[in-house]
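A closer look at the structure
If you want the building blocks of each chain, they are given just below.
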Amino acid sequence: MKSLKILAGAMLAASLLASGAKAQVLFWSTQARPVEEAQKMREDVLKAFEGGADYQVAEDGPWLTRVQAELQAGSGSIGMLGGIHGDFTAVAGGLSDLSGVDLGGVTVNKAYVELGKLGTSEQKYLPWMQATYLMAANKKALEFLPKGADLNKLTYDQLIEWAKNMADATGSPKFGFPAGPKGLKHRFYQGFLYPSYTGSMVTKFRSAEAETAWNKMKELWAYTNPNSTNYAFMQEPLLTEEVWVAFDHIARLADAFNQRPDDFVAFPAPAGPAGRGFMPVVAGVAVPKTAPDAEKAKALAAYMLKPETQIATLRATNFFPVIDVKLPDDMPASVKAFQPAIAAMTGADDALPALLPMGLGELGGKFSQVYTDTFERVVLGGEDVRATLDEQAGVLRGIIEQAKAPCWAPDKPSSGPCPVE
């Protein structure tokens, strides 16, 4: 009798747990992992969702393991997935098509919507939030802009001319670049310079267009503050006015704008012959085919793209909206400055998103080092560009083949390791 009572109690507890799980959508995410951010997601971002959401975070490995296990089993408790673009590529076949989700008329970034299809005709994930890199300038620099140049539509040739104008007028180079040991210089070569000139990050590494790109970098370097080889966070030399114009990740520019909001402007990265290459960190939301309540999960996906949710997400995570939205007046100065610049860059007609390297595992560092070594050899060391590219292409090919990493945007999808032509 006692054992039956225990069993009945256990079954009742299990059913209550099950009903609780059904009442809320389990939102399984690799993003907003820090305790404070996760708490803000629960209390400030998701609380108003009528269906109820249970926000749970995991490191990339455990996140993927659980998703794959549920897909393999054919059923599971996860209702919605949150991750960056690369997280979804491994489980693309198990994701529902979200193209029919009613987003209530919001305008979502077109380039990111396309990325969310993962090379298919279905909307495998919806964009959720983004971070990226931008240009920043002291307002003193603006009078030296080339005639007819539009700050929001700058080209690399105009940036070089601008840097030359500043150097000529002031007697010292005023362009700055995070080329120090802890600077994010490799992301500039991979995500901005290469795509803008070649439309590629990997496949056209040693192309004639890549040769042009590196020669343009050499031209720009002639008017770049030589202390750039020590810079990590460009907000610091901007504040000291060692440099007037700089490129960096938004998190590494923010202090300059927050400390002296009236002195600086933010603007998109320049464009080259192949487009306006930029490297976004795009996070998205997806619904696995095993979701217990797919309709409620899709409603949560739509909720994540409401203007008020996007603003709450920005406050909670410092990731920016992926929709057209007016920000409230009480946002930090850096956020107010960055939002229109990000919108102009990512929404430009020539926008060319280049994703963070994918599928490289532990070889990611070696992959990035190829680009840094190329910069150091041709720009700092003055070695022949063509010979260096030919040599470094072999190193790059070896890394890609060892990792068996297929291509990622802006390179076209590949069935095997991404080719280095």
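From a predicted model like this one, the values you see are computed outputs, not experimental measurements.

**Points about the overall build of the protein**
Scanning the protein from N- to C-terminus turns up 15 helices and 11 strands. In terms of overall size, the protein behaves like a compact globule, its C-alpha atoms giving a radius of gyration of 24 Å where 421 residues would be expected to give roughly 22 Å. Dimensions of the protein along its principal axes, counting C-alpha atoms only, are 90 × 50 × 35 Å. Put simply, the protein has 421 residues, and 53% of those count as buried. When contacts within the protein are restricted to residue pairs at least 6 apart in sequence, long-range pairs at least 24 apart make up 75% of them. When the accessible surface of the protein is summed, it comes to about 18200 Å², and 53% of that surface belongs to carbon and sulfur atoms. Looking at the protein, you have 40 positive and 47 negative side-chain charges, and the mean spots of the two groups are 4 Å apart.

**Notes on the sheet that holds strand 10 (residues 281-286)**
If you walk across this open sheet you meet the 5 strands as 2-1-3-10-4, and the pairing is mixed. In the strand order of this sheet, the two ends are held by strand 2 (53-57) and strand 4 (126-131), each with one partner. Averaged over all adjacent pairs, the angle separating strand axes in this sheet is 20°, with direction ignored. Of the strand pairs in this sheet, strand 3 (residues 78-84) and strand 10 are connected by 4 bridges, and their pairing is antiparallel. Bridge pairing in strand 10 links Gly83 to Gly284. Each of strand 2 and strand 4 touches helix 2 (residues 35-45); the most contacted strand, strand 2, lies at about 170° to it.

**Things to note about the environment of Lys147**
With respect to the helices and strands, Lys147 occurs in the loop between strand 5 (133-138) and helix 6 (156-170). According to the relative accessible area criterion, Lys147 is exposed, its value standing at 86%.

**Description of the pairing of strand 7 (residues 245-249)**
With respect to burial, strand 7 is a largely interior element, 5 of its 5 residues being buried. Pairing between strand 5 and strand 7: 5 bridges, direction antiparallel. Across the sheet, the residue bridging to Leu134 is Asp248, located in strand 7.

**Remarks on the packing of helix 8 (residues 208-221) against helix 14 (residues 364-380)**
It is the contact of helix 8 with helix 14, at a shortest axis distance of 10 Å, that shows an interaxial angle of 60°. Taken together, the axes of helix 8 and helix 14 are oblique relative to one another. In this structure, helix 8 crosses over helix 14, and the sense of that crossing is right-handed. Contact with helix 8, carried on its side by Trp214, Met217, Lys218 and Trp221, involves Tyr371, Thr374, Phe375, Val378, Val379 and Leu380 of helix 14 and no other residues of that element. Taken together, the residues of the contact of helix 8 with helix 14 break down into 8 nonpolar, 1 polar and 1 charged.

**Re the environment of Pro288**
Structurally, Pro288 is set in the loop between strand 10 and helix 11 (294-304). Take Pro288: its relative accessible area is 3%, and that puts it in the buried class. Not counting the four nearest positions on each side in its chain, Pro288 is found in contact with Leu71, Ile78, Gly79, Met80, Leu81, Gly94, Leu95 and Ser96.

**Quick word on the sheet that holds strand 7**
Spatially, the 4 strands line up as an open sheet ordered 6-7-5-8, and their pairing is mixed. Bordering the open sheet on either side are strand 6 (175-176) and strand 8 (264-267), each of which pairs with just one other strand.

**Quick notes on empty space enclosed by the protein**
Overall, the coordinates contain 2 cavities of 30 Å³ or more when judged by the stated rule. Around the second largest cavity sit Tyr156, Ile160, Phe188, Leu193, Tyr197, Lys216, Met217 and Leu220, which together line it. Tallied by class, residues from the lining of the second largest cavity come to 7 nonpolar, no polar and 1 charged.

Cut-off values and rules
Residues numbered from 1 in each chain as written. Predicted model: local features only at pLDDT ≥ 70, side-chain atom pairs only at ≥ 80, totals over all residues. Heavy atoms only, no water. Helix = DSSP H or I, 4+ residues; strand = E, 2+ residues; numbered from the N terminus. Rg over C-alpha atoms; globule rule 2.2 N^0.38 Å. Buried < 20%, exposed > 50% of the residue type's maximum accessible area, 1.4 Å probe, protein only. Contact = heavy atoms within 4.5 Å. Areas by Shrake-Rupley, 256 points an atom, 1.4 Å probe, with all protein chains shown as cover. Lys, Arg positive; Asp, Glu negative; His and termini not counted. Charge placed at Lys NZ, Arg CZ, Asp CG, Glu CD. Pairing = 2+ DSSP bridges. Axes fitted to C-alpha atoms, helices over the stretch in contact; angles between N-to-C directions. Parallel < 35°, antiparallel > 145°, perpendicular 65-115°, else oblique. Left-handed = near helix turned anticlockwise from the far one by under 90°. Nonpolar A, V, L, I, M, F, W, Y, C, P; charged D, E, K, R; others polar. 1 Å grid on protein atoms, 1.4 Å probe; cavity = no way out; pocket = protein on both sides within 12 Å on 5 of 7 lines; lining within 4 Å. Points joined across faces, edges and corners; volume = space filled by probe spheres on them.

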